[in-house]
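Structural overview for review
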Amino acid sequence: MGADVRTTATGAREVPQRRAEVWRALAVLEPYCAVCDVSYVLDRDGSPGVGTTFVCAPGELAGTAPRAGAPRGEIVTWEPRSRVGTRLELTPETWTTEIELTDTADGGTRVSITIGHEPTGGSRVVRRLTRNAVRRLVQRTVDAELAKVPDHVAQAAGRG
């Protein structure tokens, strides 16, 4: 697929917490995220980084393996306390997420999120017909992820 079918959206919000706290909340994949109701299974123990792969599954796995066909992802950008990017492969599409953290003048953190969507199947005609709906979906996804940032930070503070 060419660049003409990739849809991206970006948004940002500021939170009062310092960057290290926000990084821990957004970039460190815990086995289960109650905010998103998603479980993550990493391909290796230890510190994640570029090339780390993972499987994500809805709900809490509670020690069981994700079902066959669960979405697979990979960390494609890893700059501790600054940027993390992932690519998630779903059957008819690929989603990318890039989170960038910067300090604010008052000691808080600006969280910028860019989400990309690229269909991996379907005809060109179908992609053209659904382009506007996909644009709205991607922007709504960015907005929803930004709205969850304070809940992620609060959840991480409870773990810490």
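Above this text you will find the structure in question.
So, a few notes on the structure that sits alongside this text. Note that the structure is a prediction, hence the values are computed from the model and not measured. (Residues numbered from 1 in each chain as written. Predicted model: local features only at pLDDT ≥ 70, side-chain atom pairs only at ≥ 80, totals over all residues. Heavy atoms only, no water.)

1. Quick look at the side chain of His 117
For His 117, the position within the fold is in strand E8 (residues 109-119). Separated by 2.8 Å, the side chains of His 117 and Glu 93 make a polar contact. With residues near it in sequence (within four places) discarded, His 117 still touches Val 5, Arg 6, Thr 7, Glu 93, Thr 94, Trp 95, Val 134 and Val 138. (Helix = DSSP H or I, 4+ residues; strand = E, 2+ residues; numbered from the N terminus. Polar contact = N/O pair within 3.5 Å; in protein donor to acceptor, adjacent residues only side chain to side chain. Contact = heavy atoms within 4.5 Å.)

2. Focus: unusual backbone geometry
Not every positive phi belongs to a glycine, and Asp 37 is a case in point at roughly 55 degrees. Among the secondary structure elements, Asp 37 is positioned in the loop between strand E2 (32-33) and strand E3 (38-42). When its relative accessible area of 40% is taken as the criterion, Asp 37 is described as partly exposed. Residues other than glycine seldom take positive phi values, yet Arg 81 does so here, at roughly 65 degrees. Mapped onto the elements, Arg 81 comes out in the loop between strand E5 (72-79) and strand E6 (83-90). (Buried < 20%, exposed > 50% of the residue type's maximum accessible area, 1.4 Å probe, protein only.)

3. Some points on the sheet that holds E5
Strand order across the open sheet formed by eight strands is E1-E8-E7-E6-E5-E4-E3-E2, with antiparallel pairing between neighbours. Two strands bound the open sheet, and with one partner strand each, they are strand E1 (7-15) and E2. Where helix H1 (residues 19-27) meets the sheet, it contacts E1, E5, E6, strand E7 (93-103) and E8, and its direction lies at approximately 165 degrees from that of E7. (Pairing = 2+ DSSP bridges. Axes fitted to C-alpha atoms, helices over the stretch in contact; angles between N-to-C directions.)

4. Some thoughts on the side chain of Ser 39
With respect to the helices, strands and loops of the structure, Ser 39 is situated in strand E3. The exposure class of Ser 39 is buried, given its relative accessible area of 2%. From its side chain, Ser 39 meets the backbone nitrogen of Leu 61 in a polar contact 3.1 Å long. Setting aside residues up to four positions removed in sequence, Ser 39 forms contacts with Pro 31, Tyr 32, Val 55, Cys 56, Ala 57, Gly 59, Glu 60 and Leu 61.

5. Digging into the environment of Gly 107
Note on placement: Gly 107 falls in the loop between E7 and E8. Given a relative accessible area of 37%, Gly 107 falls into the partly exposed group. Separated by 57 residues in the primary sequence, Gly 107 and Val 50 have C-alpha atoms spaced 28 Å apart. Not counting the four nearest positions on each side in its chain, Gly 107 is found in contact with Pro 16, Gln 17 and Arg 18.

Honestly, that's just the spatial picture; any functional story needs more than this.
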